[in-house]
Amino acid sequence: MKKQLAALTLSLALTAGLCVPARATGQTFSDVPASHWASSYIAEMTEAGIMTGVGGGKFAPEQPISYAEFFTMLVRRYYGAPSGTGSTWWEPYLTSALEHRVLFNTDLESYNLEYYREQDPDLPANRGEMAINLHNVMRNQEMPVKELYDPSIIADWDSIYGHDAHMEDAIRVCYEQGILGGVDSAGTFYAEGLMTRAQAAAAMSRLIGLEGKTFARPLAALPPAPEGAVHVTQTSQ
């Protein structure tokens, strides 16, 4: 009887070990409780090495994500860890993002560390340009997508339409594929708004979820980068 109880106890313990939450198998953060709406997305991103914490055992889920952090996420997932070093941690990732046209049609596309700074990669990223980054990767990876619906269901479409054709198409695609959504119950996209690190983790997870799926409409391929388009100055250490 004692042997049977011991065996049952061991069996229950092993079963419980198999049922622990996914986030318990990877890095945990004091500011991301299991009840946080994005805890599973954050666990997925950190376990895959796509995102990291901010130090001190924290993830800072409500902190706005910067342009550098976001293009680094995309490079890590789709183009691998870049080689080389630079004067900033994100410089090699910026070089890779430029080479692979992740930043096509954004203010960072013609970034030059030495002579030209139209946009600072350390600044918080707005939702409109993030949509363009996501759309560029989808085109670069030749991901087919669902047919697009009438974009007028996006509550603030009138404020988006007619200003930037590249952003319009990117927002429509990301909205329709469920990668990005509205910021309120009305479906307002708010292209000028910022995105938190938790929201970026969710968007990245949804993009990854499209990999390998077959939909009706292929996206137009990105044009190749013009020769000499990558202007990031590399420094040796």
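Quick summary incoming for the structure in this document. (Residues numbered from 1 in each chain as written. Predicted model: local features only at pLDDT ≥ 70, side-chain atom pairs only at ≥ 80, totals over all residues. Heavy atoms only, no water.)

**Looking at the overall build of the protein**
Okay, step 1: A count of helices and strands for the protein gives eight helices and two strands.
Okay, step 2: Put simply, the protein runs from its N terminus to its C terminus through helices and strands in the order α-α-α-α-α-β-α-α-α-β.
Okay, step 3: Counting all 237 residues of the protein, 43% fall into the buried class.
Okay, step 4: Within the protein, residue pairs in contact and separated by at least 24 positions form 74% of the contacts whose partners lie at least 6 positions apart. (Helix = DSSP H or I, 4+ residues; strand = E, 2+ residues; numbered from the N terminus. Buried < 20%, exposed > 50% of the residue type's maximum accessible area, 1.4 Å probe, protein only. Contact = heavy atoms within 4.5 Å.)

**Concerning helix H3 (residues 67-78)**
Okay, step 1: With twelve residues, H3 should cover 16 Å at 1.5 Å per step; its first-to-last C-alpha distance of 17 Å lies within 8% of that length.
Okay, step 2: Counting buried residues along H3, ten of its twelve residues qualify, which places the element largely inside the surrounding structure.
Okay, step 3: Considered for burial, the residues of H3 that qualify are Tyr67, Ala68, Glu69, Phe70, Phe71, Thr72, Met73, Leu74, Val75 and Tyr78.
Okay, step 4: Close packing links the buried residues of H3 with helix H4 (91-99), helix H5 (127-140) and helix H8 (197-209).
Okay, step 5: The first or second residue beyond H3 is Gly80, which carries a positive phi of 80°. (Expected span 1.5 Å × (residues − 1).)

**A look at the packing of aromatic side chains**
Okay, step 1: Using the criterion set out here, one finds five aromatic pairs in the structure.
Okay, step 2: Centroid distance Trp37 to Tyr41: 6.3 Å. Interplanar angle 65°. Geometry classified as edge-to-face.
Okay, step 3: In this arrangement the basic side chain of Arg127 is found over the ring face of Phe189, its NZ or CZ atom lying 4.4 Å from the centre.
Okay, step 4: Against the face of Phe59 rests Arg197, its NZ or CZ located 4.2 Å from the ring centre. (Phe/Tyr/Trp six-rings, centres within 6.5 Å; stacked < 30°, edge-to-face > 60°. Lys NZ or Arg CZ within 6 Å of the ring centre and 35° of its normal.)

**Digging into the layout of surface pockets**
Okay, step 1: Approximately 150 Å³ is the volume found for the largest pocket.
Okay, step 2: If you trace the largest pocket, you find it lined by Trp37, Arg127, Ile179, Leu180, Gly181, Gly182, Val183, Met195, Gln199, Ala202, Ala203 and Arg206.
Okay, step 3: For the lining of the largest pocket, the leading source of residues is H8, giving four residues. (1 Å grid on protein atoms, 1.4 Å probe; cavity = no way out; pocket = protein on both sides within 12 Å on 5 of 7 lines; lining within 4 Å. Points joined across faces, edges and corners; volume = space filled by probe spheres on them.)

**Here we look at the side chain of Thr188**
Okay, step 1: By the secondary structure assignment, Thr188 is in the loop between helix H7 (165-176) and H8.
Okay, step 2: In this structure Thr188 comes out as buried when scored by relative accessible area, which is 18%.
Okay, step 3: Each residue touching Thr188, except ones within four places of it in the same chain, is listed here: Ala155, Asp156, Gly182 and Val183.

**With respect to unusual backbone geometry**
Okay, step 1: One non-glycine residue with positive phi stands out, namely Asn105, at about 65°.
Okay, step 2: One non-glycine residue with positive phi stands out, namely Tyr190, at about 60°.
Okay, step 3: Tracing the sequence through the fold places Tyr190 in the loop between H7 and H8.

**With respect to helix H2 (residues 39-47)**
Okay, step 1: Listed in full, the buried residues belonging to H2 are Ser39, Ile42, Ala43, Met45 and Thr46. For H2, the buried positions fall inside an angular range of 170° around the axis, keeping them on one side.
Okay, step 2: Lining the buried residues of H2 we find H8.
Okay, step 3: Just downstream of H2, Gly49 is the residue with a positive phi angle, here 80°. (Arc of directions from axis to C-beta.)

**Notes on the nonpolar core**
Okay, step 1: By size, the foremost hydrophobic cluster in this structure holds 57 residues, and its most contacted members are Phe71, Ile179, Leu180, Phe189, Met204 and Leu207.
Okay, step 2: For this core, the elements supplying multiple residues, two or more each, are H2, H3, H4, H5, helix H6 (157-160), H7 and H8.
Okay, step 3: Looking at this core, the element that brings in the most residues is H3, giving eight residues.
Okay, step 4: Once residues within four sequence positions are removed from consideration, Phe189 is found in contact with Arg127, Gly128, Ala131, Ile154, Asp156, Ile160, Ile171, Tyr175, Leu180, Gly181 and Val183. (Core = buried A, V, L, I, M, F, W, Y, C linked by side-chain atoms within 4.5 Å.)

**Examining the environment of Ile179**
Okay, step 1: Examined against the element boundaries, Ile179 turns out to sit in the loop between H7 and H8.
Okay, step 2: Separated by 28 residues in the primary sequence, Ile179 and Leu207 place their C-alpha atoms 5.9 Å from one another.
Okay, step 3: Among residues more than four places away in sequence, those in contact with Ile179 are Leu134, Met138, Cys174, Ala203, Arg206, Leu207 and Leu210.

**Things to note about the pattern of salt bridges**
Okay, step 1: Following the criterion strictly, the structure yields three salt bridges and no others.
Okay, step 2: The salt bridge involving Arg77 is made with Glu211; its shortest N-O contact spans 2.7 Å. With a gap of 134 residues between them, Arg77 in helix H3 and Glu211 in the loop between H8 and strand S2 (217-218) connect regions that are remote in the sequence.
Okay, step 3: The salt bridge involving Glu109 is made with Arg101; its shortest N-O contact spans 2.6 Å.
Okay, step 4: You can call Glu109 partly exposed: its relative accessible area is 25%. (Salt bridge = Lys/Arg side-chain N within 4 Å of Asp/Glu carboxyl O.)

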